[in-house]
Amino acid sequence: MWTGLLLLLPLWAQQCGLALATLRTIGGLHRAAAVGGVEVAVAGAGPGAEPGAGTATATGPGSMALLLRRSKRGWAWNHFYLMEEYMGDGPQYVGKLHSDQDPGDGTIRYQLTGDGAGDTFTIDPRSGDIHATKRLDREERSFYTLRARAVSNRTGRPLEDWTNFTIKIHDINDNAPTFTKSVYMASVPEMSDVGTSVMTVTATDADDISYGNSARVVYSILEGQPYFSVEPNTGIIRTALQDMNRENREHYQVVIQAKDMAGQMGGLSGTATVSITLSDVNNNPPRFPQGVYQFSIPESAQLGSVIGMLQVRDNDVGRNAEMDYKITSEEGRDVFRIATDKDTQDGVLSLNRQVDYESKRMYTLRVQVENRYLDPRFRSLGPFHDTALVKVAVTDENEPPVFQRSSYQMEVQESAPVGTIIGSVSAMDPDHIRSPVKHTDMDHVFNVYPGNGSVYLQKPLDREEASWHNISIRAEEFNNPNQISRVPVNIKVLDVNDNPPTFATLYETFVCENAKAGQRIQMISATDPDEPIGGQRFSFRLAPEATVKANFTVRDNNDNTAMVLTLRSGYSRIQHSRYLVPVVISDGGSPVQSSTNTLTVRVCSCDRDGNMKLCNAEALVLAAGLSTGALVAILLCVCILLMLVVLFAALRRQRKKEPLIMSKEDVRDNVVSYNDEGGGEEDTQAFDIGTLRNPEALDDSKLRRDIMPDALYPPLPRRPPPSSLAAAAAGGGGGAGGGAGGVAGALRDNGDVRDFIAHRLGENDTDPTAPPYDSLATYAYEGSGSVAHSLSSLESAASDGDHDYNYLSDWGPRFKKLANMYGTEDSDKDS
């Protein structure tokens, strides 16, 4: 019987692109059964197949001879391998695809698809050779998955189906190790033992760690010996020197190198810098720089005043340099206090209790300083404390007087007469000179005798106004008034029964018209500002004068309250709307004080249950209407409004129309506004534009409706202008008719006026911005002259006194106002 492994076929190595096959039995073999022999068929897996991809099977009739027959490899691939960073000139050969059905005559065409097919990888369709056309980098991509098949060129049918295979990229050492950081920061306590771990640095290599030593990194130290070392394989940095002291050197710079190829020659390397700081430990005790400190303080210093600073040296920093101070000597322990300055760690000596030069002039203290946080590892370097002597001298000062007590409390009866001595205070000069002291009081009720400090009453007291008087008495030296001290004095005013009791509140009492006799209508109580020792005790009774024909009575409840009761049945608010009930209230003090208080009882209409429904007319008005204050406010507002109206009317009446001319003496040119309004479009006689267009067509027969016709005035001779008179005189005897005819002829022959007006009229007619309504256009063209000549004196060479304006009165009503303005003034001057 054959058992176990039958045959192992070692083939070429995997790098050679050959497949490895293992031949094994699939069942037990028996010699007797193997008569006809055994046939073994082996199926190859193709180039690059994994071990075990091919199988072998033994069959046969059974014989002693084992016949082996190797079948041709089929259409199957697993992997191709390719080196990265190929430096050759042409394409890099990858491998060959071959089909068992390929006779090699070019009748089969090979096709390739997948990652990089046609771009990165190409295939020869006739031979099946695969080439890489680009330079590949394993760090970018480590493998490619492709598919291939064989197709018949004659029939176009696939001879081999699509088969997947992988091209793996073999790594080469083309990447140097890189650290995760370029600069590392680390710290290690000073005085650490050798081998203390500082930190771990890490470098990575992008090369394939499973292929050779390309990614195997080894660490070494380039700078930093002999203080630190690094483990080659782990990158752990450790201390290499014993007792490194921070006070000597605090910072170290270490350069670490990472090299691949296990540190062998030709490997690539990278470096990183590690900045290492020695952290502080408490290995230095505090020390006073001097053994004795001397300070001084005036005896008048306030509590908490700083006397001095004690500086201490400690080479440690931070928490290890924090210190505590304390006074170890008995002397001055309760007089002074020492604390630690949080910023500088100096000792701050301050005053805890008042000092007195006359009592003690010098204090000697022993002060100890020690570290707050101790490290037990370095106790042998101790002791971690130090002591020093501190001498504090008290200097003398002129102190103010000192009272024997810090405060005084006195009592006085409120009935005490003015001048009564109620107590005394005493102050003295604490200095060794013992200057005399006088006392003064700033209060107006009490005063003090300057010499002996006796406090006496200056004004009468009233406990009900002020039961306590808190005053301040001042003491000052006779020789130095600036030395002043004060003491509070609290004076209690003792009560005397000097106030009568009164009603506790203002009662609003009413009685129903249907009230029965003996019915309670009010519960009353009393109050008294006095405060007797045993408390108040009040008694109530009806005044004697009200007991005759009384309608009400008062019953004392013997508990400082009383009831007001009715004595008859039935009351009428029409006959008597209210009643006044006098009540006598007495207290239980000595002497007894009493007062008569009047209770007003109104008569009201009530329902059956005794609830008030209606009282007198005054109550109804107050309940339904407005209050008196509201009515007064309304009336006041009405009066103010009336006053404003009258004032506004008075101001309107006082407004005067401004005169046309402010003064008769002001004869300058004035613009006079007549405020004359035309008659509109229907008024064809007030203004005729045709006259301006054709002066020769002037119709003298037309009369204006807005002024009086000239025919109603007697004809007056017109004064000819001076220019015409001069022309007539120069002509040597020209008559008046000839002069007038010359003027009329000048008007008729004045064509430039007509041209100017026509030009302006055309501009206004064609102006698109002109208003559509009737308007008056002023052309500001005077022409060659006017029959009235110019009335302005601006261009006149003569003064106003040389002109005679009386002729203006002869020109008709149009010039009447001008004649009044100028002719009247001339007439006044003549008179």
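Residues numbered from 1 in each chain as written. Predicted model: local features only at pLDDT ≥ 70, side-chain atom pairs only at ≥ 80, totals over all residues. Heavy atoms only, no water.

Novice: Can you lay out the overall build of the chain for me, pointing to particular residues and giving the numbers?
Specialist: Looking only at helices and strands, the chain has seven helices and 46 strands in total. Relative to its full complement of 831 residues, the chain shows a buried share of 32%. Accessible surface, the chain: about 51,500 Å² in total, of which carbon and sulfur atoms supply 52%. (Helix = DSSP H or I, 4+ residues; strand = E, 2+ residues; numbered from the N terminus. Buried < 20%, exposed > 50% of the residue type's maximum accessible area, 1.4 Å probe, protein only. Areas by Shrake-Rupley, 256 points an atom, 1.4 Å probe, with all protein chains shown as cover.)

Novice: Can you lay out unusual backbone geometry for me, pointing to particular residues and giving the numbers?
Specialist: Pro226 follows Gln225 through a cis peptide bond whose omega is 5°. Structurally, the position occupied by Pro226 is in the loop between β17 (218-223) and β18 (228-230). Backbone torsion omega between Ser590 and Pro591 reads 0°, so that peptide bond is classified as cis. Position of Pro591 relative to the elements: it lies in the loop between β44 (578-586) and β45 (594-606). Look at Met261: it is not a glycine, yet its phi comes out positive at around 55°. As for its position among the elements, Met261 is in the loop between β20 (251-259) and β21 (269-279). Of note, Asn560 is a non-glycine position whose phi angle comes to about 70°, a positive value. Structurally, the position occupied by Asn560 is in the loop between β42 (552-556) and β43 (561-566).

Novice: Could you give an account of helix α6 (residues 751-766), naming the residues involved and the relevant values?
Specialist: In this model α6 runs 23 Å from its N-terminal to its C-terminal C-alpha over 16 residues, within 8% of the 22 Å that 1.5 Å per residue would give. Among the residues making up α6, those that are buried are Gly751, Phe756, Ile757 and Leu761. (Expected span 1.5 Å × (residues − 1).)

Novice: Got a sec to walk through the nonpolar core? Specific residues and values, please.
Specialist: In terms of nonpolar packing, the biggest core is built from 26 residues, with Phe288, Leu310, Phe336, Leu349, Val390 and Val392 touching the most fellow members. Beyond its immediate sequence surroundings of up to four residues, Leu310 is in contact with Phe288, Tyr293, Phe295, Tyr325, Ile338, Asp346, Gly347, Leu349, Val367 and Val390. (Core = buried A, V, L, I, M, F, W, Y, C linked by side-chain atoms within 4.5 Å. Contact = heavy atoms within 4.5 Å.)

Novice: I'd like a description of the pattern of salt bridges, backed by residues and values.
Specialist: Going through the model one piece at a time under the given rule, you end up with 20 salt bridges. Two residues, Asp495 and Arg463, come together in a salt bridge whose shortest N-O distance is 3.0 Å. On the criterion of sequence distance, the pair formed by Asp495 in the loop between β37 (484-494) and β38 (502-503) and Arg463 in the loop between β35 (454-457) and β36 (468-477) is long-range, its members being 32 residues apart. For Arg463, a relative accessible area of 8% puts it in the buried group. With a closest N to O distance of 3.7 Å, Glu513 and Arg573 form a salt bridge. (Salt bridge = Lys/Arg side-chain N within 4 Å of Asp/Glu carboxyl O.)

Novice: Tell me about the environment of Thr122, and name the residues and values.
Specialist: Structurally, the position occupied by Thr122 is in strand β9 (residues 121-123). Residue class for Thr122 comes out partly exposed when judged on its relative accessible area of 30%. As for Thr122 and Pro91, which are separated by 31 residues in sequence, their C-alpha atoms are 9.4 Å apart. Not counting the four nearest positions on each side in its chain, Thr122 is found in contact with Leu112, Asp129, Ile130, His131 and Thr133.

Novice: For the state of the cysteines, give the residues involved together with the corresponding values.
Specialist: Disulfides are covalent bonds that link the sulfur atoms of two cysteine residues. Enumeration over the complete set of coordinates arrives at two disulfides. The side chain of Cys512 participates in a disulfide bridge whose partner is Cys606; the two sulfur atoms lie 2.1 Å from each other. Disulfide Cys512 to Cys606: torsion about the S-S bond roughly -85°, handedness left-handed. Taken together, the positions of Cys512 in strand β39 (residues 509-512) and Cys606 in strand β45 put the pair 94 residues apart, joining distant regions of the chain. (Disulfide = S-S within 2.5 Å.)

Novice: An account of the sheet that holds β21 is requested, with residue identities and associated values reported.
Specialist: Strands pair in a sheet through their backbones, by hydrogen bonds, and they do so in one of two ways: parallel or antiparallel. Taken in spatial order, the four strands make up an open sheet running β14-β21-β20-β17, and their pairing is mixed. Whereas interior strands pair on both sides, the edge strands pair on one side only; in this sheet they are β14 (183-189) and β17. The average undirected angle you get between the axes of adjacent strands in this sheet is 35°. Here β14 pairs with β21 via seven bridges, running parallel. (Pairing = 2+ DSSP bridges. Axes fitted to C-alpha atoms, helices over the stretch in contact; angles between N-to-C directions.)

Novice: If you had to explain the confidence of the model for the chain to someone new, which residues and values would you point to?
Specialist: Counting all residues, the mean pLDDT for the chain is 77, and 71% of those residues have values of 70 or more. When mean pLDDT is compared element by element in the chain, strand β26 (residues 347-351) scores highest at 96, while strand β1 (residues 7-9) scores lowest at 27. Contacts of residues 825-831 to residues separated by more than four positions or lying in other chains number four contacts, the stretch itself having pLDDT below 50. (pLDDT = per-residue confidence, 0-100.)

Novice: Now, about the side chain of Arg246: what can you tell me, with residues and values included?
Specialist: Turning to its location among the elements, Arg246 is positioned in the loop between β19 (236-239) and β20. For Arg246, a relative accessible area of 10% translates into the label buried. Not counting the four nearest positions on each side in its chain, Arg246 is found in contact with Glu190, Leu278, Ser279, Asp280, Asn315, Asp316 and Val317.

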